Protein chains: 2
Amino acid sequence: MAKPRDSSKPGSSKPASSKPAGSKPESVTLTEVAGHAGVSRSTVSLVLRGSPLVAAETRERVQAAMVALGYIYNRGAANLRAARTHTVGLLVCELNNPFYAELTAGVDDVLDTEGFVAFIANTAEQPERQDRFLQRMREHNVDGVILCPAAGTQPELLDRLDRWRLPCVQALRFVSDQERDYAGVDYQAGMETVTEHLISLGHRRIAFVGGTLDHSAYAARHAGFTAAMRRHGLADDLVLRCPLTRRSGAEMADHLLNRPQAQTAAPTAALCYNDVVALGLMLGLEARGLRAGRDLAVTGFDDVPEAALSRPALTTVATSARQIGQEAARLLLRRIADPQGPPERIILPSRLVVRQSCGAPSDSLGGAPSPSLHHRDLS
Amino acid sequence: MAKPRDSSKPGSSKPASSKPAGSKPESVTLTEVAGHAGVSRSTVSLVLRGSPLVAAETRERVQAAMVALGYIYNRGAANLRAARTHTVGLLVCELNNPFYAELTAGVDDVLDTEGFVAFIANTAEQPERQDRFLQRMREHNVDGVILCPAAGTQPELLDRLDRWRLPCVQALRFVSDQERDYAGVDYQAGMETVTEHLISLGHRRIAFVGGTLDHSAYAARHAGFTAAMRRHGLADDLVLRCPLTRRSGAEMADHLLNRPQAQTAAPTAALCYNDVVALGLMLGLEARGLRAGRDLAVTGFDDVPEAALSRPALTTVATSARQIGQEAARLLLRRIADPQGPPERIILPSRLVVRQSCGAPSDSLGGAPSPSLHHRDLS
DNA sequence: CACGGTAATTGGATCGATCCAAAAGCGCAA
DNA sequence: TTGCGCTTTTGGATCGATCCAATTACCGTG
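Note that the structure is a prediction, hence the values are computed from the model and not measured.

Rules behind the numbers
- Residues numbered from 1 in each chain as written.
- Chains lettered and ligands numbered in written order.
- Predicted model: local features only at pLDDT ≥ 70, side-chain atom pairs only at ≥ 80, totals over all residues.
- Heavy atoms only, no water.
- Helix = DSSP H or I, 4+ residues; strand = E, 2+ residues; numbered from the N terminus.
- Contact = heavy atoms within 4.5 Å.
- Areas by Shrake-Rupley, 256 points an atom, 1.4 Å probe, with all protein chains shown as cover.
- Salt bridge = Lys/Arg side-chain N within 4 Å of Asp/Glu carboxyl O.
- Buried < 20%, exposed > 50% of the residue type's maximum accessible area, 1.4 Å probe, protein only.
- Least-squares fit on C-alpha atoms with pLDDT ≥ 70 in both.
- Near = heavy atom within 4 Å.
- Polar contact = N/O pair within 3.5 Å; in protein donor to acceptor, adjacent residues only side chain to side chain.
- Nonpolar A, V, L, I, M, F, W, Y, C, P; charged D, E, K, R; others polar.
- Axes fitted to C-alpha atoms, helices over the stretch in contact; angles between N-to-C directions.
- Parallel < 35°, antiparallel > 145°, perpendicular 65-115°, else oblique.
- Left-handed = near helix turned anticlockwise from the far one by under 90°.

Participant: Even after reading the chapter, I still don't get the overall build of chain A, so can you show me in this structure?
Facilitator: When its secondary structure is counted, chain A shows 13 helices and twelve strands. Taking the contacts inside chain A whose residues are at least 6 apart along the sequence as the reference set, 68% of them involve residues at least 24 apart. Split by element, the accessible area of chain A, about 17000 Å² in all, is 52% carbon and sulfur.

Next comes the structure, spelled out in structure tokens:
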């Protein structure tokens, strides 16, 4: 058989262009680029991946051909052969919470600069939905996942991910404290700090308010409360669990103040699980003619934008969601690059933000020209 | 040639299991499932896609084999041959805004039930970033995109998407009012309604506050203001543009009230572009010892959670972000199924939410037991 | 001029599914 | 027995890239 090599005459006898009746103008392939540049497929592939093996002159010719033909890289095809897909899965438990949205933005920041893209899923705290999505992620061959585990997630899930060889970084919460990759906030220290703050203001009877789902984040926050109280020899028995909604927070006002048959004294301060509950509680107080900071000290956790905006402004603990997202993404990329490396736990510090809701240090509560128009309070 | 069919003896002479030294236990392929079930690849493929061609008995056998081997579908491989990838791209312009987060959740809802997944990207209002991401979406062969165009997006972009044969649904904003798929809110009607509300309360001099970026959403809101004012023979010249941040909103307080050299009268009401600006403005008023609803009527737009929470609570226009996301996703799926169909524009209504920030109808402003603890104000 | 060594390029096999035309199995009538 | 139609199954060929072993080009040396 004769071998018709036509590398010198580009665009002449290529079988690819034998059907000029333009029904499918789509998908310029690497082979066509090769023909146009007068090189082989393999060489184009090397150029594509930035290999140092190709000569500079050749590289330029190939790149010119790619531009001329409007070539677009077909990652799907590449993924089939190569190991990597340059995609990851991101599972958050409640996207509608601004906190998680911010985290997502942080993840996106890092992935974007590294040429990765993320599949997103809102598990809405439903383990079934989480399972379904993880399954889908496997089918799409993602290189790894960032997981904010839904409440009720079984630790066994992580073992399954291991078996699947699917790198996973837990964020904000974790379902098992084994040595596993994790990025989050030091909730316990944050809670200790704000509890100490209340104690330093003279409060002795403090209630811990909010939280029903059992996960690591709840445990850590509660532990912070307990640790600080015990350190000062104070009772940590006043714990009121409730859903993490404004409505529930508002309803807790009664439980806190009207305690007819209570053997113990009423609390003078409410340490809320997060800002949402705290803001709700303040609304509840107001509806009863009471005021946070005067009649009851109230603190939150998270420092959501509303916290600076409420009257009185909410004393809370700031946790930078975006930064956690960035750290989680960076950690996942490291893990993908080196699946065998030792696990890392990245714990970011939190920061106490003192406002007026627990009796301001300078005690000009509420009133006229608000002294609280700090820079960081305005987005 | 003899034909050694070994359908009865599974797992005996298959070349797949010829290398038992378990270095790569991963990736059970369709071929292996076929071997285990004693059928051909093609048949397994048909089962996978739920074809009615295969006999019921065969289907069961194949499914049993898939379970037994722990088979997982490799969509990447399938995508290479088939047209569909069952993925879409979702580009939002500011994820950190809770409004877009909610929209994202809505998109996720619908895609999840249809077996699709979304790549997410936060364009942060940067057209370059938007371009880069769209490029990446093409490389990943997404079936379509949902686009909240970044401010400054050129209409030409949509033509490019057409040329690429990439179905696209615009959401919330659009860069060209040609007949194209779109899902959004009737901003103009919403603004008209709230303007009418102010007028009905007796306001004659009303300022339109906020917005710097030029896009359809700005145009529509402004048009609503103008239309309502003109209908009542009122001047619509008082327009104060500013960035969409709380800080800028706060700073607008001065511009609104201290107008030394102004030829025209000071406004009695401020119609804000959105809630963020309105909330900022209210803070600015408060810092000057003034109060929204008493000294200046203030309205917002979007009905973000904070709106119900501020003192006084903000009168605003509710737009259900989640629903828009759902509609956009449904529309995109229709378009993917039928690329040639006629374009659709889905415009959802908005709803006026009257609270206290522009002088409550029952004029018990601010004061004691708040009457506004409605159900919907509590998340 | 043959030779070794490096740099650059290449063709065939391959990843794991789908597509499609062809074939096998089967019941039934001529 | 043969032929026909129907259902069910099947084996290449294929999608568009990567991997790898092999080849070619080129240059300085002995």
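Participant: Sorry if this is basic, but what is going on with the pattern of salt bridges here?
Facilitator: Pairing is possible between side chains of opposite charge, provided their charged atoms come close. Under the counting rule described, the total for this entry stands at 52 salt bridges over all chains. Put simply, B:E139 and A:R75 hold a salt bridge, and the shortest N to O gap is 2.8 Å. Of the two residues, B:E139 is situated in helix α6 (residues 127-139) and A:R75 in helix α4 (residues 75-81); the pairing between them involves two chains. According to the relative accessible area criterion, B:E139 is buried, its value standing at 13%. A residue is classified by how much of its surface remains accessible, and A:R75, at 15% relative accessible area, is buried. Across the salt bridge formed by A:D181 and A:R335, the nearest N and O atoms sit 2.6 Å from each other.

Participant: Could you clarify how one ought to interpret the relation of the copies chain A and chain B in this entry?
Facilitator: Note: a rotation about an axis with an accompanying shift along it relates these two copies of the chain. When chain A is brought onto chain B, the operation consists of a screw motion whose angular component is 180° and whose axial shift is 0.1 Å, with 0.1 Å RMSD remaining. The superposition operator between the copies reduces to a two-fold rotation axis. Measuring from the rotation axis to each C-alpha of chain A, the shortest distance belongs to A:F119, at 2.2 Å.

Participant: Explain the protein's contact with DNA strand C here, please?
Facilitator: The environment of DNA strand C is formed by 28 residues, the closest being A:T58, A:R81, B:L30, B:S45 and B:R49. Of all DNA strand C atoms lying within 4 Å of any protein atom, the proportion belonging to sugar or phosphate reaches 70%. A distance of 3.4 Å separates a phosphate oxygen of DNA strand C from a polar backbone atom of B:N74. When contributions to the surface near DNA strand C are tallied by element, the ones reaching two or more residues are α2 (41-48) and α4 of chain A together with α2 (41-48) and α4 (75-81) of chain B. Considered class by class, the residues forming the surface near DNA strand C number 13 nonpolar, nine polar and six charged.

Participant: Help me understand the packing of helix α1 (residues 30-37) of chain A against helix α3 (residues 56-69) of chain A in this model?
Facilitator: How two helices sit against one another is set out by the angle between their axes and by the gap between those axes. Residues and elements named next belong to chain A. Contact geometry of α1 with α3 gives a least axis separation of 9 Å together with a crossing angle of 120°. Relative to α3, α1 is oriented oblique. Judged by the twist between their axes, the crossing of α1 over α3 is right-handed. Residue-level inspection shows E32, V33, H36 and A37 of α1 in contact with α3, the latter providing R61, V62, A65, M66, A68 and L69. Here the contact of α1 with α3 is composed, by residue class, of seven nonpolar, one polar and two charged.

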